[in-house]
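# Structural characterization, general
Read off the chains here:
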Amino acid sequence: MTLRVVVADDQALVRTGFRMIIDARDDLEVAGEAADGREAVRLTRELAPDVVLMDVRMPVVDGIEATRQIVRSGSPARVLVLTTWDVDAHVVDALRAGASGFLLKDIRPGELVDAIRVTARGDALLAPTVLGRVLDRFLRTAPDPAPPPSLRELSGREREVLTLIGQALSNAEIAGRLRLSEATVKNHVSAVLRKLGVRDRVQAVVAAYDHGLVQPRRP
């Protein structure tokens, strides 16, 4: 199966570079290019890509708002935000808007390709340089004392799984921690995503932090 990608960046040279990297892989192809956020939203609607590579700072409509519009439209496309700006606020805003990943543009070509594949699978993806600080920022936000109905629908085991997802553990690691099979963990993860009404593990991580299921790691 070939993964189709829309590249959204206001710099033509950057888009060309991404296209060369992506089209060189047998399982990836660039379906379209956008020079601003509004065009990215339009192309996502028209081309139905699997992944959108989204720059943050673009004219007309910025990448954060474009991400928000794509997610709210119900598009199954997953948004991978790329930026040269290592700024916590951008990461938080992108995740709140529904992005499925965040990377800095200085990653290597192979890492970009892997990121597209990981994002398409729905796995959590954040640049290592920003992961810790982003999670700390979420932890500094006071959780809602009254969990939403979707969170209250989770079983005790599903809450345990959500907590471990919030700690960025893989299914295999969760299985080892809870002494369950990976297949059972996979079923629990699917149930968690469905009950929370979120599209992937990244948004489940956001929910875990938002509602105080993951506690700060003390030095």
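Remember, predicted model here, so these are calculated numbers, not experimental data. (Residues numbered from 1 in each chain as written. Predicted model: local features only at pLDDT ≥ 70, side-chain atom pairs only at ≥ 80, totals over all residues. Heavy atoms only, no water.)

Scanning the protein chain from N- to C-terminus turns up eleven helices and five strands. Classification of the 219 residues of the protein chain by burial places 48% in the buried group. A fraction of 67% describes how many contacts in the protein chain between residues 6 or more apart in sequence connect residues 24 or more apart. When the accessible surface of the protein chain is split by element, carbon and sulfur atoms take 51% of a total near 10,800 Å². (Helix = DSSP H or I, 4+ residues; strand = E, 2+ residues; numbered from the N terminus. Buried < 20%, exposed > 50% of the residue type's maximum accessible area, 1.4 Å probe, protein only. Contact = heavy atoms within 4.5 Å. Areas by Shrake-Rupley, 256 points an atom, 1.4 Å probe, with all protein chains shown as cover.)

If you trace the five strands from one edge of the open sheet to the other, you get 2-1-3-4-5, paired in parallel fashion. Taken across any chain shown, the strands that pair with only one partner, and hence form the sheet edges, are strand 2 (28-34) and strand 5 (101-104). Recorded for the sheet is a direction-independent mean angle of 25 degrees between the axes of neighbouring strands. Where strand 1 (residues 3-8) and strand 3 (residues 51-55) come together, four bridges link them in parallel fashion. Paired with Val 6 across the two strands is Val 52, which belongs to strand 3. (Pairing = 2+ DSSP bridges. Axes fitted to C-alpha atoms, helices over the stretch in contact; angles between N-to-C directions.)

As a further point, take the nonpolar core. Counting 26 residues, the largest nonpolar core has Val 52, Met 54 and Val 81 as the members making the most contacts within it. Listed by contribution, the elements that provide at least two residues to this core are strand 1, helix 2 (37-47), strand 3, helix 3 (63-72), strand 4 (78-83), helix 4 (88-97), strand 5 and helix 11 (201-210). Among the elements that line this core, the one with the most residues is helix 4, at four residues. Setting aside residues no more than four positions away along its own chain, Met 54 makes contact with Ala 8, Ala 40, Gly 63, Ala 66, Thr 67, Ile 70, Val 79, Leu 80, Val 81 and Leu 82. In this structure, Leu 169, Leu 193, Ala 204 and Ala 207 belong to the second largest nonpolar core, which totals 20 residues. (Core = buried A, V, L, I, M, F, W, Y, C linked by side-chain atoms within 4.5 Å.)

Residues in a regular strand project their side chains so that they alternate between the two faces of the sheet. Within strand 4, six of the six residues are buried, which leaves it mostly tucked inside the rest of the structure. Where burial is concerned, the two faces of strand 4 agree: the one with Arg 78, Leu 80 and Leu 82 and the one with Val 79, Val 81 and Thr 83 are both buried. Across five bridges, the pairing between strand 3 and strand 4 is parallel. When the sheet's bridge partners are listed, Val 52 is paired in strand 4 with Val 79. Following the backbone out of strand 3, through helix 3 and into the adjacent parallel strand 4, one traces a crossover that is right-handed. Two strands pair when backbone bridges link them, and strand 4 and strand 5 are joined in this way by four bridges, in the parallel orientation. (Right-handed = clockwise from strand over helix to strand, strands pointing away.)

This part covers helix 3. Listing the buried residues of helix 3 in full gives Gly 63, Ile 64, Ala 66, Thr 67 and Ile 70. Each buried residue of helix 3 sits inside an arc of 160 degrees when the element is viewed along its axis, so together they form one side. A distance of 3.1 Å separates the backbone nitrogen of Ile 64 from a side-chain oxygen at the start of helix 3, and that oxygen is part of Asp 62. Positive backbone phi, at 85 degrees, marks Gly 74, one or two positions downstream of helix 3. (Arc of directions from axis to C-beta. Polar contact = N/O pair within 3.5 Å; in protein donor to acceptor, adjacent residues only side chain to side chain.)

Taken over all residues, the pLDDT of the protein chain has a mean of 83, while the share at 70 or more is 81%. Here residues 142-146 scores under 50 on pLDDT; set against residues more than four positions off or in separate chains, the count is five contacts. (pLDDT = per-residue confidence, 0-100.)

Our focus in this paragraph is the environment of Val 51. With respect to the element layout, Val 51 can be found in strand 3. Taking the C-alpha atoms as reference points, Val 51 and Ile 116, separated by 65 residues in sequence, lie 6.9 Å from one another. Those residues in contact with Val 51 that lie beyond four places of it in its chain are Arg 4, Val 5, Val 6, Arg 78, Leu 80, Ile 116 and Ala 120.

Before going further, it helps to examine the packing of helix 2 against helix 3. Relative orientation of the contacting elements helix 2 and helix 3 amounts to 20 degrees, with a least axis distance of 8 Å. As judged from the angle between their axes, helix 2 and helix 3 are roughly parallel. Our pair here, helix 2 against helix 3, has a crossing hand that is right-handed. Along its contact with helix 2, which presents Gly 37, Ala 40, Val 41 and Thr 44, the element helix 3 presents Ala 66, Gln 69 and Ile 70. (Parallel < 35°, antiparallel > 145°, perpendicular 65-115°, else oblique. Left-handed = near helix turned anticlockwise from the far one by under 90°.)

This part is about the side chain of Glu 158. Of note, Glu 158 is situated in helix 8 (residues 156-166). Overall, Glu 158 belongs to the buried group, its relative accessible area being 8%. Among the polar contacts made by the side chain of Glu 158, one reaches the side chain of Lys 195 at a distance of 2.9 Å. In this structure, Glu 158 is in contact with Glu 153, His 188, Ala 191, Val 192 and Lys 195, ignoring residues within four places of it in sequence.

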